[in-house]
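Per-entry structural report
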Amino acid sequence: VVPFGRDHMVYYGPLMDMGKKPITVEQILSTPLVLYPTTYYMNQIYVRYFRDAALKPQVSARLSSPYAIIHYCQENKAGALLPDRLLTALGCHRGLHELETPLEAECYLIYRRNHPKIRLIQAYVDQVLASGRVLAADLAELNPALDEGGRTARVAARLAARRGGPVRVLTI
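I will try to describe carefully the structure that is included in this document. (Residues numbered from 1 in each chain as written. Predicted model: local features only at pLDDT ≥ 70, side-chain atom pairs only at ≥ 80, totals over all residues. Heavy atoms only, no water.)

All right, on to the overall build of the protein chain then. Counting its secondary structure elements, the protein chain contains 6 helices and 8 strands. Of the regular secondary structure in the protein chain, the N- to C-terminal order runs β-α-β-α-β-α-β-α-β-β-α-β-α-β. Looking at the 172 residues of the protein chain, the share that counts as buried comes to 37%. Considering only contacts within the protein chain whose residues lie at least 6 apart along the sequence, 74% involve residues at least 24 apart. (Helix = DSSP H or I, 4+ residues; strand = E, 2+ residues; numbered from the N terminus. Buried < 20%, exposed > 50% of the residue type's maximum accessible area, 1.4 Å probe, protein only. Contact = heavy atoms within 4.5 Å.)

As structure tokens, this is what we get:
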């Protein structure tokens, strides 16, 4: 797991009439909303963002990729919270709204040990680490009972040695 940036989230609803001002949490929750599946990390970010709201999301769909979410929003009267950077890169400018209450999400590179493209992933991680722009790294152990032989600690040690700085290991 390698954190490498922060994404500024915006509301994307190209078929929704949401006005020109930054959109409120209440406005978002009063319209159909496309979310990630409940088991996805991004869903946890949304749950925290909406935690104090009086309304609950009107879930229109739960889709597993931002590209599927964008396509759904382009074909249906629904909106979603997505990274501004991604929408801008894809040329999706219509229906983009700033959030009155800002939302940012950490960007992580997560991969499993025996991934078939491990060499490509490792080359990318090496390039990111060599850039000198990685200030910190967090490694989360989600289930210590399943951490065979202290694998998480070994990964943290390798990462710390490669980047020459501290790695925080979180046990959840």
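In this structure, Y11, I28, Y46, F50, L81 and L99 are the most contacted members of the largest nonpolar core, which totals 34 residues. Among the secondary structure elements, those contributing two or more residues to this core are β1 (2-12), α1 (25-29), β2 (32-35), α2 (41-50), α3 (66-75), β4 (80-83) and α4 (84-89). For I28, the residues in contact, after removing those within four places along its chain, are Y11, I23, L33, Y49, F50, L81 and L99. (Core = buried A, V, L, I, M, F, W, Y, C linked by side-chain atoms within 4.5 Å.)

This part covers the pattern of salt bridges. Tallied over the full model, the rule gives 2 salt bridges. Ionic pairing is found between E104 and R6, a salt bridge with its closest N-O pair at 3.0 Å. Of this pair, E104 sits in strand β6 (residues 104-109) while R6 sits in strand β1, placing them 98 residues apart in sequence. Given a relative accessible area of 39%, E104 falls into the partly exposed group. R6 sits in the partly exposed class, given a relative accessible area of 49%. Residues R85 and D7 are paired through a salt bridge, measuring 2.8 Å at the closest nitrogen-oxygen approach. Placement of R85 in helix α4 and of D7 in strand β1 is noted, with a sequence separation of 78 residues between them. (Salt bridge = Lys/Arg side-chain N within 4 Å of Asp/Glu carboxyl O.)

Take D7: its relative accessible area is 9%, and that puts it in the buried class. Among the polar contacts listed, one links the side chain of D7 to the side chain of R85, at a separation of 2.8 Å. Apart from the residues lying within four places of it in its own chain, the contact partners of D7 are P83, R85, L103, E104, A105 and C107. (Polar contact = N/O pair within 3.5 Å; in protein donor to acceptor, adjacent residues only side chain to side chain.)

We now examine the side chain of H97. Along the chain, the position of H97 falls in strand β5 (residues 96-97). Setting aside residues no more than four positions away along its own chain, H97 makes contact with V10, Y11, M18, G19 and I23.

This brings us to α3. The complete set of buried residues in α3 reads I69, I70 and C73. The buried residues of α3 occupy an angular sector of 100 degrees when the element is viewed end-on, so they sit on one face. Turned more than 90 degrees off the buried face of α3, the exposed positions are Y67 and E75. (Arc of directions from axis to C-beta.)

A word on α2. Within the sequence span of α2, burial applies to M42, N43, I45, Y46, Y49 and F50. One side of α2 holds all its buried residues, which, seen down the axis, span an arc of 155 degrees.

For the structure shown, the criterion picks out 3 aromatic pairs. Between Y36 and Y46 the ring centres are 6.2 Å apart and the planes differ by 25 degrees, which places this aromatic pair in the stacked class. Highlighted residues: Y36 in the loop between β2 and α2 and Y46 in helix α2, separated in sequence by 10 residues. The exposure class of Y46 is buried, given its relative accessible area of 2%. Look at Y49 and F50: their rings are 5.3 Å apart centre to centre, the planes differ by 65 degrees, and that puts the pair in the edge-to-face class. The exposure classification of Y49 matches that of F50, with both residues buried. (Phe/Tyr/Trp six-rings, centres within 6.5 Å; stacked < 30°, edge-to-face > 60°.)

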